[in-house]
Amino acid sequence: MADLNKAILYVLRNEDRTMSGKVTTDRGGKTRYGIAQKYHPDLDPSFYTCTNLGALGEAQQIYKNKYCAPLCIAGITSQPIANKLLDIGVNCGLDSAALMAQTGTNNLGGSLVVDGKMGPTTVAAVNKVDANKLMGQLIVLSQIHYRAVALRDHASIDEIASWLTRAGKPGI
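Note that this is a predicted model, so its numbers are computed, not measured.

### Description of the nonpolar core
Residues Tyr 63, Ile 73, Ile 76, Ile 81, Leu 85, Leu 86 and Met 118 are the most contacted members of the largest nonpolar core, which totals 46 residues. Elements represented by at least two residues in this core include exactly helix H1 (4–15), helix H2 (52–68), helix H3 (79–92), helix H4 (94–107), helix H5 (120–128), helix H6 (131–153) and helix H7 (157–167). Here this core gets 8 residues from one element, more than from any other, and that element is H6. Beyond its immediate sequence surroundings of up to four residues, Ile 73 is in contact with Ala 2, Leu 4, Ala 7, Cys 68, Ala 82, Leu 85 and Leu 86.

### Details of the side chain of His 40
With respect to the secondary-structure elements, His 40 resides in the loop between strand E3 (35–36) and H2. In this structure His 40 touches Ile 35, Ile 62, Lys 66 and Tyr 67, once residues within four positions along its chain are discounted.

### Here we look at the state of the cysteines
When the sulfur atoms of two cysteines share a covalent bond, that bond is a disulfide. Applying the stated rule across the entire model yields 0 disulfides. Lacking any disulfide linkage, Cys 68 is separated from the closest cysteine sulfur, that of Cys 72, by 10 Å. In this model Cys 92 remains outside any disulfide bridge; the closest cysteine sulfur is found in Cys 68, 16 Å from its own. Residue Cys 92 is classed as buried on the basis of its relative accessible area of 14%.

### Brief notes about the pattern of salt bridges
By the definition in use, this model includes 6 salt bridges. Its salt-bridge partner being Arg 152, residue Asp 153 comes within 2.8 Å of it at the nearest N-O pair. Residue Asp 153 is classed as partly exposed on the basis of its relative accessible area of 28%. With relative accessibility at 57%, the residue Arg 152 sits in the exposed group. Via salt bridges that share partners, Arg 27, Arg 152, Asp 153 and Glu 159 belong to a single interconnected network.

### Things to note about the packing of H3 against H6
Where H3 contacts H6, the axes come no closer than 10 Å and their chain directions differ by 15°. Between H3 and H6, the crossing angle belongs to the class labelled roughly parallel. Judged by the twist between their axes, the crossing of H3 over H6 is left-handed. Every residue of H6 that contacts H3 at Pro 80, Ile 81, Lys 84, Leu 85, Ile 88, Asn 91 and Cys 92 is listed here: Ala 131, Leu 134, Met 135, Leu 138, Ile 139, Ser 142, His 145 and Tyr 146. Of the residues in the contact of H3 with H6, the class split is 11 nonpolar, 3 polar and 1 charged.

### A few points about the sheet that holds E3
Read across the open sheet, the 3 strands follow the order E1-E2-E3; overall the sheet is antiparallel. The sheet is open, and its two edges are formed by strand E1 (24–26) and E3, each paired on a single side. Two elements, strand E2 (residues 29–32) and E3, share 2 bridges in a ladder whose sense is antiparallel. Of the residues in E3, the one forming a bridge with Thr 31 is Ala 36.

### Focus on the environment of Arg 147
Counting through the fold element by element, Arg 147 comes out in helix H6. Note on Arg 147: relative accessible area 46%, which makes it partly exposed. In this structure, the C-alpha to C-alpha distance between Arg 147 and Ile 160, residues 13 residues apart in sequence, is 7.3 Å.

Rules and cut-offs
Residues numbered from 1 in each chain as written. Predicted model: local features only at pLDDT ≥ 70, side-chain atom pairs only at ≥ 80, totals over all residues. Heavy atoms only, no water. Core = buried A, V, L, I, M, F, W, Y, C linked by side-chain atoms within 4.5 Å. Buried < 20%, exposed > 50% of the residue type's maximum accessible area, 1.4 Å probe, protein only. Helix = DSSP H or I, 4+ residues; strand = E, 2+ residues; numbered from the N terminus. Contact = heavy atoms within 4.5 Å. Disulfide = S-S within 2.5 Å. Salt bridge = Lys/Arg side-chain N within 4 Å of Asp/Glu carboxyl O. Axes fitted to C-alpha atoms, helices over the stretch in contact; angles between N-to-C directions. Parallel < 35°, antiparallel > 145°, perpendicular 65-115°, else oblique. Left-handed = near helix turned anticlockwise from the far one by under 90°. Nonpolar A, V, L, I, M, F, W, Y, C, P; charged D, E, K, R; others polar. Pairing = 2+ DSSP bridges.

In structure tokens, the structure reads:
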């Protein structure tokens with residue numbers, strides 16, 4: 001079974017490469033350790049002003065409770081797949097991550113209902129397929145997703161390049 005802390009560390013390194021805790025402003029508003037104000041409006045504003053260690057601990061809890069749990073990350077047997085699904089969930093949304101897991105699994109012979117919800121049936125099917133092949137599917141599907149977002153939102157070249165680089169990472 002996947003180690004949640006390893007999956008979260010993978011995401012944190014994609015969100016804040018140097019783990020500086022620096023507050024930035026992007027499409028999501030104020031963002032720290034990848035936790036964007038727009039997507040977490042109930043988060044206490046002190047998250048953006050407290051110590052780095054305090055913010056890091058809070059970010060890790062948010063990732064565990066709001067992302068790992070709904071995506072059933074602990075039930076995934078391949079750590080790289082768990083890392084990649086959590087990363088997609090954080091960056092593209094929970095439903096998108098589940099849709100990609102289901103579509104990728106079906107492309108490899110599965111027969112899942114593609115409903116955008118991770119549950120025991122999806123987790124079992126994900127665990128049955130070849131992890132390396134599923135990783136390839138997740139990379140391609142996330143690249144397609146980012147290209148569609150870029151067209152829809154008129155993203156800058158820098159944003160597109162960053163998203164596609166992230167999408168191309170194999171979860172290790």
